[in-house]
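Remarks on the overall topology
Here are the chains, one letter per residue:
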Amino acid sequence: TGALRDFRFLSVSGAFALVLFAQVGFIVHLIAFLDSVIGRGRAAMAVALLTAMAVVGRVLFSFVIDRMNQRLASALSFVSQALALAVVIHVRNEAALMAACALFGFSVGNLITLPALIVQREFDPRSFGVLISLITAINQVTYAFGPGVVGLLRDASGSYALPFYVCIGVELTAAVLIM
C-alpha cells in the first residue's frame, strides 16, 4: 500500500512499534528485576502503581490532548519513560523506584491512543480504518518480541542493565522518529 511508502505514516507506525516493544519488554520483566532490589511484595506494589498511573495518565491526558501537538506529546511520553528506566537501572531507593514506576506508568495508556489521534489529525479520514489497522498489526508483531529480547539480553549479559539500556535507546530513537 501507499502507506508503507509515506514517511509520515512510517514515522508514526515505526515510533509506536519501537516504544511498545520497549514498554512491554520492560513491564514483563519488572517484577523479576525489582524482586532482588526491594522484594517480591514491594515489586508487585510497584507494578500495581505503574498500572494505576496508566489509568490516571490516560484520563488526565484525555482532557488536554486535543489541544496539544500530539507528536510532541508522544515524544515527551517516550522520553519520560526513558528517564524512568534510567532511574530504575541506577537507583536502589524504594521511594525513587516507586516514583520511577509511577512516571513510566503515566504514559503507558496513552501510547495506545496517540497513534489513532495522530492519524486522525494528519491523514485523510477515508483511510483512517486501514491506517489504524496497519499500525495495530505492526505494533502487535513488534511488541510481541519485547519480552523475549529483554530476556535474551538479560541472560546473555547476566543482569537487567543491558536490556534496560537497550529499551532506553529504543525509547529515545522512537522520540526522534515521531518528531
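Note that the structure is predicted; figures quoted are calculated from it, not measured.

Attention now moves to the packing of aromatic side chains. Two aromatic rings, taken as a pair, are described by how far apart their centres are and by the angle between their planes. Applying the stated criterion to the full structure yields six aromatic pairs. The interplanar angle of 50° and the centroid separation of 4.6 Å between the aromatic rings of Phe26 and Phe104 together place this pair among those described as tilted. Of this pair, Phe26 sits in helix 1 (residues 7-38) while Phe104 is found in helix 4 (residues 94-106), placing the two residues 78 residues apart along the sequence. Consider the rings of Phe26 and Phe164, whose centres lie 5.1 Å apart with planes at 70°: the pair is edge-to-face. In this pair, Phe26 sits in helix 1 while Phe164 sits in helix 8 (residues 161-178), placing the two residues 138 residues apart along the sequence.

Glancing now at helix 5 (residues 110-122). Here helix 5 is 13 residues long and its end C-alpha atoms lie 18 Å apart, about the 18 Å a rise of 1.5 Å per residue gives. Among all positions of helix 5, only Asn110, Leu111, Leu114, Pro115, Leu117, Ile118 and Val119 are buried. On its buried side, helix 5 packs onto helix 1, helix 2 (40-64), helix 3 (70-90), helix 4, helix 6 (128-143) and helix 8.

Rules used in this analysis
- Each chain has its residues counted from 1, following the order in which its sequence is written.
- Totals for whole chains, interfaces and linings use all residues, but because this is a predicted model, local features are given only for residues with pLDDT of at least 70 and pairs of side-chain atoms are given and counted only at 80 or more.
- Hydrogens are left out, water is left out, and the side-chain values use all remaining heavy atoms of the structure.
- Between the rings of Phe, Tyr and Trp (Trp by its six-membered ring), a pair exists once the centres lie within 6.5 Å; its type follows the angle of the planes, with under 30 degrees stacked, over 60 edge-to-face, and the other angles tilted.
- Segments assigned H or I by DSSP are reported as helices when at least four residues long, segments assigned E as strands when at least two residues long, and all are numbered from the N terminus.
- A helix is expected to span 1.5 Å multiplied by its residue count minus one.
- Note on exposure labels: buried denotes an accessible area under 20% of the residue type's maximum, exposed denotes more than 50%, and partly exposed covers the range between, all computed with a 1.4 Å probe on protein chains only.
- We call two residues contacting when some pair of their heavy atoms lies within 4.5 Å.

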